[in-house]
Amino acid sequence: LKVNATVTVLDLSCNKIDDLSAQHIAEAIKVNETVTKLNLDFNSIGDVGAQHIAEALATNATLTSLNMLNSWLTEEGARALVAVAESKHNQIKSLCGLAA
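Quick look at the structure, then. (Residues numbered from 1 in each chain as written. Predicted model: local features only at pLDDT ≥ 70, side-chain atom pairs only at ≥ 80, totals over all residues. Heavy atoms only, no water.)

**Some points on the overall build of the protein**
Along its length, the protein carries 3 helices and 4 strands. Of the regular secondary structure in the protein, the N- to C-terminal order runs β-α-β-α-β-α-β. The C-alpha atoms of the protein give 12 Å as radius of gyration, which agrees with the globular expectation for 100 residues (13 Å, within 12%). Principal axes of the C-alpha set define a box for the protein whose edges measure 35 × 30 × 20 Å. Across the 100 residues that make up the protein, the buried fraction comes to 46%. (Helix = DSSP H or I, 4+ residues; strand = E, 2+ residues; numbered from the N terminus. Rg over C-alpha atoms; globule rule 2.2 N^0.38 Å. Buried < 20%, exposed > 50% of the residue type's maximum accessible area, 1.4 Å probe, protein only.)

**Quick look at the environment of Val-84**
By secondary structure assignment, the location of Val-84 is in helix 3 (residues 75-86). Taking the C-alpha atoms as reference points, Val-84 and Leu-57, 27 residues apart in sequence, are found 6.9 Å from one another.

**Focus on the packing of helix 2 (residues 47-59) against helix 3**
Axis separation between helix 2 and helix 3 bottoms out at 8 Å; the angle between their running directions is 5°. The angle between the axes of helix 2 and helix 3 places the two elements in the roughly parallel class. Taking contact as the criterion, the partners of Asp-47, Ala-50, Gln-51, Ile-53, Ala-54, Leu-57 and Ala-58 in helix 2 are, on helix 3, Glu-76, Gly-77, Ala-80, Leu-81 and Val-84. Residues that form the contact of helix 2 with helix 3 fall into these classes: 8 nonpolar, 2 polar and 2 charged. (Axes fitted to C-alpha atoms, helices over the stretch in contact; angles between N-to-C directions. Parallel < 35°, antiparallel > 145°, perpendicular 65-115°, else oblique. Contact = heavy atoms within 4.5 Å. Nonpolar A, V, L, I, M, F, W, Y, C, P; charged D, E, K, R; others polar.)

**Considering the nonpolar core**
Here is a general trend for soluble globular proteins: nonpolar side chains tend to be buried in one another's company. In this structure, Ile-25, Leu-38, Leu-40, Ile-53, Leu-57, Leu-66 and Leu-81 are the most contacted members of the largest nonpolar core, which totals 25 residues. For this core, the elements supplying multiple residues, two or more each, are helix 1 (19-31), helix 2 and helix 3. Per element, the largest residue contribution to this core is 5 residues, and it comes from helix 2. With residues up to four places along the chain from it excluded, the contact list for Leu-66 reads Leu-38, Leu-40, Ile-53, Leu-57, Leu-81, Ser-94, Leu-95 and Cys-96. (Core = buried A, V, L, I, M, F, W, Y, C linked by side-chain atoms within 4.5 Å.)

**Regarding the sheet that holds strand 2 (residues 37-39)**
Pairing within the open sheet is parallel, and its 4 strands lie in the order 1-2-3-4. Across the chains shown, the open sheet's two edge strands, defined by having one partner strand only, are strand 1 (9-11) and strand 4 (94-96). Across the sheet, the mean angle separating the axes of adjacent strands is 5° when strand polarity is ignored. As paired elements, strand 3 (residues 65-67) and strand 4 share 3 bridges and run parallel to each other. (Pairing = 2+ DSSP bridges.)

Below you can see the structure in the form of structure tokens.
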């Protein structure tokens, strides 16, 4: 993902992704300039992983859609993602699976 120049939609649903894996995905998303949609639903991402994703979204300018439906988020993780999505400098238009 860090050097990807062609993939625009990344579906990683149902892959048993946990907080540590989410951290690695977040590191790649920070510098990725092509992925516009990221699907992480039906994984084991909790609040720690959500915080990593939120930090990546704060610097990513191309991701417009994030799906984390059926993950292990609590209100804390959802709020971190919603806060960054609501910032004026972020391009996120769709957050699926988050209720904050």
